[in-house]
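# A closer look at the structure
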Amino acid sequence: MTRPIISGINAETGEIVERELNDDEYAQNLADIEASKGMFPDDLAG
Amino acid sequence: MAIKTFTTGEVLTSADTNTYLANSGLVYIGAYTATAATLFIDGCFTSTYSNYFITFQSTSVTTTGSFQFKLRASGTANSANYYYGGLQYYTTIGATTQQGSNDAAMIFSAASGSAMTYSTIQVSMPAVAQPTSIIIDSSSYFSNYAGASIRGYHGLSTAYDGFELTMNTGATIAGTLRIYGIRQA
């Protein structure tokens, strides 16, 4: 399965980086998704 | 204080003009447009400025959710110690509160589908090893959602050189970041 993409620039050097999330970033990405469950904006009905 | 005060009949020279351009209130540092799950700008927080103004416009997200802001040091995001509170705005009920204590990120505006969002993010003293103040104001429109105002801080006494935006649903974001330093004198 393809991992999500991280994309950005270094403002000092102009270097652009675009790659798949590494192991640590992917683990945090999954943790963020898990932590978000049940949170806003699931209650958008207001 | 004015850099220079002109008098009647005085010629505005190219040197004067260049001086004013180099000393505007907001000094452009960089911008980045991409479509990805994580958008970042590194190397933007330095000792040159104490305070920064960031604009963020998104044109689409792949899954409804909320944007998250994190500080980065040497290419690695810090995912703890974000303390914040604020309001989420709705066209139907006005506002609800939102808060976080020692969260993995500062959560701000929601977004959905191709609904455009616009956020301004103010960051104070990120490049200094002390807690970093963060103020985020956003507008968004989908369903009955209207935007958010979130303020707080990152509690670690760490110096950061960049920031990143993600969504708490892990969605892919299409958006543009622009960052400016606030002129200090």
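Residues numbered from 1 in each chain as written. Chains lettered and ligands numbered in written order. Predicted model: local features only at pLDDT ≥ 70, side-chain atom pairs only at ≥ 80, totals over all residues.

Turning to the overall build of chain A, a few remarks are in order. When its secondary structure is counted, chain A shows one helix and two strands. Reading the secondary structure of chain A in the N-to-C direction produces β-β-α. When each of the 46 residues of chain A is scored for burial, the buried share is 22%. (Helix = DSSP H or I, 4+ residues; strand = E, 2+ residues; numbered from the N terminus. Buried ≥ 20, exposed ≤ 12 C-beta atoms within 10 Å, placed from the backbone.)

In this section: the overall build of chain B. Along its length, chain B carries one helix and 13 strands. Ordered by position in the sequence, the α and β elements of chain B form the string α-β-β-β-β-β-β-β-β-β-β-β-β-β. Each principal axis of the C-alpha atoms in chain B carries an extent, and together these give about 60 × 35 × 30 Å. Considering chain B as a whole, with its 185 residues, one finds that 41% of them fall into the buried category.

With that settled, the discussion passes to the interface of chain A and chain B. Between chain A and chain B, the residue contacts involve 22 residues of the former and 35 residues of the latter. Elements with a contribution of two residues or more to the side of chain A that touches chain B: β1 (5–10) and α1 (23–36) of chain A. A per-element tally of the side of chain A that touches chain B places α1(A) first, with seven residues. Among the residues making up the side of chain A that touches chain B, the classes are represented as eleven nonpolar, eight polar and three charged. Pairing analysis gives five bridges linking β1(A) to strand β2 (residues 38–42) of chain B, with the strands arranged parallel. When the sheet's bridge partners are listed, A:Ser7 is paired in β2(B) with B:Leu39. (Contact = placed C-beta atoms within 7 Å. Nonpolar A, V, L, I, M, F, W, Y, C, P; charged D, E, K, R; others polar. Pairing = 2+ DSSP bridges.)

So, on to the nonpolar core. In a soluble, globular protein the nonpolar side chains are often hidden away together inside. All names here are of chain B. Formed by 48 residues in total, the largest nonpolar core has its most connected members in Ile-41, Phe-69, Met-106, Phe-108 and Ile-179. Ranked by residues supplied to this core, first place goes to strand β8 (residues 106–111) with five residues. Among residues more than four places away in sequence, those in contact with Phe-108 are Ser-66, Phe-67, Phe-69, Ser-119, Ile-136, Ser-138, Ala-148 and Ile-150. (Core = buried A, V, L, I, M, F, W, Y, C linked by C-beta atoms within 7 Å.)

As a further point, take the confidence of the model for chain A. A low pLDDT score tells you not to read the predicted coordinates there in detail. The pLDDT averaged across chain A works out to 85; a share of 80% of its residues lies at or above 70. Per-element confidence in chain A ranges from a low mean pLDDT of 90 for α1(A) to a high of 98 for β1(A). (pLDDT = per-residue confidence, 0-100.)

Residues and elements named next belong to chain B. The eight strands are arranged β1-β13-β3-β9-β10-β11-β6-β7 in an open sheet whose pairing can be described as antiparallel. Two strands close off the open sheet at either side, each with one partner strand: β1 (26–36) and β7 (94–103). Between one strand axis and the next, the sheet turns through 15° on average, direction left out of account. Across eight bridges, the pairing between strand β6 (residues 82–90) and β7 is antiparallel. When the sheet's bridge partners are listed, Tyr-82 is paired in β7 with Asp-103. (Axes fitted to C-alpha atoms, helices over the stretch in contact; angles between N-to-C directions.)

Attention now goes to the pairing of β6(B). Residues and elements named next belong to chain B. As consecutive antiparallel partners, β6 and β7 are separated by three residues. Bridge count between β6 and strand β11 (residues 145–154): nine bridges; the pairing is antiparallel. Across the sheet, the residue bridging to Gly-85 is Arg-151, located in β11.

Time to look at the confidence of the model for chain B. Counting all residues, the mean pLDDT for chain B is 93, and 98% of those residues have values of 70 or more. The complex model carries a pTM of 0.90, and its ipTM stands at 0.87.

What follows concerns α1(A). Residues and elements named next belong to chain A. Taking 1.5 Å of rise per residue, 14 residues should cover 20 Å, and α1 covers 20 Å from first to last C-alpha, within 8% of that figure. Listed as buried for α1 are Glu-25, Asn-29, Asp-32 and Ser-36. All buried residues of α1 fall inside an arc of 65° around its axis, so they share one side. Across α1 from its buried face, at more than 90 degrees, point the exposed residues Asp-23, Asp-24, Ala-27, Ala-31 and Glu-34. (Expected span 1.5 Å × (residues − 1). Arc of directions from axis to C-beta.)

Once that is clear, we can look at the pairing of β11(B). Residue and element names in this part refer to chain B. For β11, the tally of buried residues reaches seven of ten residues, placing the bulk of the element in the interior. Bridge count for strand β10 (residues 132–142) against β11 is nine bridges, and the pairing is antiparallel. Opposite Thr-132, over in β11, you have His-154 as the bridge partner. The hairpin formed by β10 and β11 contains two residues between the paired strands, and Ser-143 there has a positive phi angle of roughly 50°.

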